[in-house]
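Survey of secondary and tertiary structure
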Protein chains: 2
Amino acid sequence: MKQITVYDIAREAKVSVATVSRVLNNTAPVKTSTRNKVAELIQKYQFQPNALARSLLKKETGMIGIVLPDITNPFFPEVLSGLEQEARKQGYTFFLCDTCSSNSDTREQYRRESHYLHLLLEKQVDGIIILGGRIDLVNPTEEMVQELLEVSKRVPVVQVNGRLSGSSMHRVVVNETAGAEQATQHLIHLGHKDIVMIGGFDHMSNTVARVKGFKKAMKENGLSIGADKVIYGGFSVDDGRRLMDELLCRKKRPSAVFCINDLTAIGAMKAAFKAGLRIPEDLSIVGFDDIPFASHSIPELTSVSLKCNELGRTAAEMMHRLIRKEKVKKQITIEPDIRVRDTTGPFRG
Amino acid sequence: MKQITVYDIAREAKVSVATVSRVLNNTAPVKTSTRNKVAELIQKYQFQPNALARSLLKKETGMIGIVLPDITNPFFPEVLSGLEQEARKQGYTFFLCDTCSSNSDTREQYRRESHYLHLLLEKQVDGIIILGGRIDLVNPTEEMVQELLEVSKRVPVVQVNGRLSGSSMHRVVVNETAGAEQATQHLIHLGHKDIVMIGGFDHMSNTVARVKGFKKAMKENGLSIGADKVIYGGFSVDDGRRLMDELLCRKKRPSAVFCINDLTAIGAMKAAFKAGLRIPEDLSIVGFDDIPFASHSIPELTSVSLKCNELGRTAAEMMHRLIRKEKVKKQITIEPDIRVRDTTGPFRG
DNA sequence: TTGAAAGCGCTAACAA
DNA sequence: TTGTTAGCGCTTTCAA
């Protein structure tokens, strides 16, 4: 099963390898008869040039590395889909590097992130798109920052929805604070006054941004924002359930809950149902992310759409321009939209 | 930003490139003092050898191509996660090729599949794992079969849950017929006699396999399996909704519905709720796949677990052995398990 | 224990 | 319009 090369084609066509290369890449005029002869042989042997050799020479591989924390979190496939759509047009392919945050401790995850970052560099990717993980940290360690910075000196790096400091890095982000504000505003408009926000971690910037929006909306409407109005504790369905259970133990339960994401919102709904509450009659719930599940749940979840697909497409486009050394804005911000569905309703004294 | 090479290291260490290569790969004894000197320089310059050059020479890249139809279908991320877990141990990285079946016609999808298959070959992947798409077709065109066959002559190919003919291809499959049988049996045990199966397409082998299991269980229990007991029509939530609406228009509606997958089951539930039915009191529903959503829905969906994670891990392991030319079984079959939850209940005359 | 040199498969500059 | 040739960065004989 010897691999066919340009030499084999050249020999049989009685031309030089340069000519074969020329018909392969349409890089210089070739007499029609020669071209046909070569093309025929290429066809006959199903010859496919070795991309490694080509890339080695040209110093571009058409490969982009994607580093993300957990592909089973539905947020990421949505973004990925947008990325793929856009990047395919440009002829890129993806290395998918999942650091599997879900089944290991965080230290391990960051180690894997480092591992993948270096691996991608070795593989000579044209650029790296990073989502989640360290770029979501409010206080990343110096090494984490330094490492990514080093990486970004070698190849373009685009951060998706992250804010890790470092001047040489570009990013596309969603205005999460505005999204959280919208969500809170929506609840307030419905007459809710006692609103609690649940989920997330206060060491993560996405949580901080969302809490900020929540508090801002509350404050602007003259509503109380005591310490008991925000309960941190994670991003999963189970976390949502747990936090809601906690909430339901309080003497006075809120009339509306704003969840850090759709997954916790689902967990919260489950806990509420189990406690015999009706949604939205007894309790309004808002999610965040607007993953497909949100519109599939019963009742359908009101959520803030992060426009994942657009996020992905924008990141891919940014990367493309970066690779071609075109002028690119340091940061592109996407404005989220609230999608009102069936889990929020008017406050009933 | 010139790339550092073994030559730079060699020059500064006053040794030959061969020696640098030796310390890099631990491939031959090197005097400790020389080794240290070289190692130091490698550290100093953060030197990372160019994987392209190495792969070109060694004829192995440590890259595996994954071709799948739609990353936003939650089934695939689950499998992918298993794949990644296993393959990471072996030091492989993935090319993710999403043919985006969801937003384009099927012809276009198969064209993209071909495109990616060839691209992966050019990139010199060590193997290709293919999920969905053409391998799910009952009657693929001759070209589709031929093309994949050609590919499999060049690199190992593992089909995940597919049955495209071709002797040189390995596969790991789930026994879907048995799964469907279990699901149907479960409903029958609950006393249901009028059971309808909805969703899927009869030109796809997964549908055929599941319908077969459904019919088998029905027949074995002496239940009718007239033409009106199976309604084809797709795999999405919307398809499920539509098909259930159709079903509800019938004079006599069934007491239980077996859905081709969890997505259609969710659609079916929505339609049923909208029609004022209670689940499971008025109607029992079973899904298939057991995506995370199944256990998150309200009420929680009874479903047949395809053990996606195990599927992925097994495929990765198979690929690994194939690459190392170890002995590998042509086919590995995974037995599914039903997960009984809250959407199925006893028949109530 | 080390170095010189060939070569992986390709492209592109230069020459013809 | 075509061929010759020099690399791309690495590993691996073979010889010293």
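In this text the structure is predicted, and so the values were computed from the model without any measurement. (Residues numbered from 1 in each chain as written. Chains lettered and ligands numbered in written order. Predicted model: local features only at pLDDT ≥ 70, side-chain atom pairs only at ≥ 80, totals over all residues. Heavy atoms only, no water.)

1. Considering the sheet that holds strand E5 (residues 170-174) of chain B
- The strand order E11(A)-E5(A)-E4(A)-E3(A)-E1(A)-E2(A)-E2(B)-E1(B)-E3(B)-E4(B)-E5(B)-E11(B) describes an open sheet built from twelve strands, whose pairing is mixed. On the outer flanks of this sheet lie strand E11 (331-334) of chain A together with strand E11 (331-334) of chain B, each paired with one strand and no other. Adjacent strand axes in the sheet meet at a mean angle of 20°, parallel and antiparallel pairs treated alike.
- Bridge analysis of strand E1 (residues 63-68) of chain A against strand E3 (residues 127-131) of chain A gives four bridges, and the strand direction is parallel. Residue isoleucine 66 of chain A lies in a different strand from E3 of chain A, and its bridge partner there is isoleucine 129 of chain A.
- Contacts from helix H13 (residues 308-323) of chain A reach E1, E3, strand E4 (157-160), strand E5 (170-174) and E11 of chain A within the one sheet, and its direction differs from that of E5 of chain A by about 165°. (Pairing = 2+ DSSP bridges. Helix = DSSP H or I, 4+ residues; strand = E, 2+ residues; numbered from the N terminus. Axes fitted to C-alpha atoms, helices over the stretch in contact; angles between N-to-C directions. Contact = heavy atoms within 4.5 Å.)

2. Details of the protein's contact with DNA strand D
- What surrounds DNA strand D is a group of 28 residues, the closest being Arg22, Lys31 and Thr34 of chain A together with Val6 and Leu57 of chain B.
- Take the atoms of DNA strand D that sit within 4 Å of the protein: sugar and phosphate atoms are 59% of them.
- Contact between DNA strand D and valine 6 of chain B: a phosphate oxygen at 2.5 Å from a main-chain N or O atom of the residue.
- In the model, a base nitrogen of DNA strand D is placed 3.3 Å from a nitrogen or oxygen of the alanine 53 of chain B main chain. (Near = heavy atom within 4 Å. Polar contact = N/O pair within 3.5 Å; in protein donor to acceptor, adjacent residues only side chain to side chain.)

3. Quick word on the protein's contact with DNA strand C
- The immediate surroundings of DNA strand C are formed by 26 residues, with Val6 and Leu57 of chain A together with Ser16, Arg22 and Thr34 of chain B found nearest.
- Atoms of DNA strand C within 4 Å of the protein belong to the sugar or the phosphate in 63% of instances, the rest to bases.
- In the environment of DNA strand C, a phosphate oxygen lies 3.0 Å from a nitrogen or oxygen atom belonging to the side chain of serine 21 of chain A.
- Residue threonine 34 of chain B places a side-chain N or O atom 2.6 Å away from a phosphate oxygen belonging to DNA strand C.
- For the surface near DNA strand C, the element with the highest residue contribution is helix H4 (residues 51-58) of chain A, accounting for four residues.

4. Quick word on the environment of methionine 169 of chain B
Residues and elements named next belong to chain B.
- Tracing the backbone through its elements, the reader meets methionine 169 in the loop between strand E4 (157-160) and E5.
- Using a relative accessible area of 2% as the deciding quantity, one classes methionine 169 as buried.
- For the pair formed by methionine 169 and leucine 119, sequence separation is 50 residues and the distance between their alpha carbons is 19 Å. (Buried < 20%, exposed > 50% of the residue type's maximum accessible area, 1.4 Å probe, protein only.)

5. Some details on the environment of arginine 313 of chain B
All names here are of chain B.
- The topology assignment puts arginine 313 in helix H13 (residues 308-323).
- Spatially, the C-alpha atom of arginine 313 lies 4.8 Å from that of leucine 83, the residues being 230 residues apart in sequence.
- What arginine 313 contacts, discounting residues up to four positions off in sequence, is Gly82, Leu83, Gln85 and Glu86.

6. Observations regarding the pairing of E5 of chain B
All names here are of chain B.
- With five of its five residues buried, E5 lies for the most part within the structure.
- The alternating pattern of E5 places His170, Val172 and Val174 on one face and Arg171 and Val173 on the opposite face, and all of these are buried.
- Pairing between E4 and E5: three bridges, direction parallel. Residue pairing across strands places valine 160 opposite valine 172, the latter belonging to E5.
- Two elements, E5 and E11, share four bridges in a ladder whose sense is parallel. Directly across from arginine 171, in E11, lies its bridge partner glutamine 331.

7. Considerations on the packing of aromatic side chains
Residues and elements named next belong to chain A.
- Counted by the stated rule, this structure contains ten aromatic pairs over all chains.
- With centroids separated by 5.9 Å and ring planes inclined at 65°, the aromatic side chains of phenylalanine 201 and phenylalanine 235 adopt a geometry described as edge-to-face. Pair noted here: phenylalanine 201 is in the loop between strand E6 (195-198) and helix H9 (205-220) and phenylalanine 235 is in the loop between strand E7 (230-231) and helix H10 (237-248), with a separation of 34 residues, a long-range link.
- Relative to phenylalanine 258, the ring of phenylalanine 214 lies with its centre 6.3 Å away and its plane at 45°, an arrangement referred to as tilted. Within this pair, whereas phenylalanine 214 is found in helix H9, its partner phenylalanine 258 is found in strand E8 (residues 256-259), the two being separated by 44 residues in sequence. Phenylalanine 258 carries the same exposure label as phenylalanine 214, and that label is buried.
- Among the aromatic residues, those joined into a cluster by ring pairs are Phe214, Phe258 and Phe288. (Phe/Tyr/Trp six-rings, centres within 6.5 Å; stacked < 30°, edge-to-face > 60°.)

8. Considering helix H7 (residues 142-154) of chain B
All names here are of chain B.
- Relative to the 18 Å expected for 13 residues at 1.5 Å per residue, H7 spans 19 Å between its end C-alpha atoms, a close match to the ideal helical length.
- Of all the residues in H7, the buried ones are Met144, Val145, Glu147, Leu148, Leu149, Val151 and Ser152.
- Elements in contact with the buried residues of H7: helix H6 (106-122), strand E3 (127-131) and E4. (Expected span 1.5 Å × (residues − 1).)

9. A word on the relation of the copies chain A and chain B
- Rotating chain A by 180° and moving it 0.1 Å along the rotation axis overlays it on chain B with an RMSD of 0.2 Å. Considering both components of the superposition, the chain copies are consistent with a two-fold axis. Judged by C-alpha distance, phenylalanine 95 of chain A is the residue of chain A that lies nearest the rotation axis, at 2.3 Å.
- Of the interface residues in chain A, 98% have counterparts in chain B that sit at the interface too, so the contact is made through matching surfaces. (Least-squares fit on C-alpha atoms with pLDDT ≥ 70 in both.)

10. Points about the sheet that holds E6 of chain A
All names here are of chain A.
- Taken together, four strands build an open sheet; the order of strands is E7-E6-E8-E9 and the sheet is parallel. The sheet is open, and its two borders are formed by E7 and strand E9 (284-286), each paired with just one other strand.
- Direction of pairing for E6 relative to E7: parallel, over a ladder of two bridges. Bridging from a neighbouring strand, isoleucine 198 pairs with isoleucine 231 of E7.
- Sitting on the sheet, helix H8 (residues 176-189) is in contact with E6, E8 and E9, with an inclination near 170° to E8.
- The strands that helix H11 (residues 262-274) touches are E6, E8 and E9; relative to E9, the one it contacts most, it runs at about 160°.

11. Here's the deal with the pattern of salt bridges
- Going through the model one piece at a time under the given rule, you end up with 48 salt bridges over all chains.
- In this structure, arginine 210 of chain B engages aspartate 289 of chain B in a salt bridge whose closest nitrogen and oxygen atoms are separated by 4.0 Å. Placement of the pair is arginine 210 of chain B in helix H9 (residues 205-220) and aspartate 289 of chain B in the loop between strand E9 (284-286) and helix H12 (292-296), with a sequence separation of 79 residues.
- Its salt-bridge partner being glutamate 326 of chain B, residue arginine 324 of chain B comes within 3.1 Å of it at the nearest N-O pair.
- In this structure, a network of salt bridges that share partners links the residues Arg163, Glu176, Arg210 and Asp289 of chain A. (Salt bridge = Lys/Arg side-chain N within 4 Å of Asp/Glu carboxyl O.)

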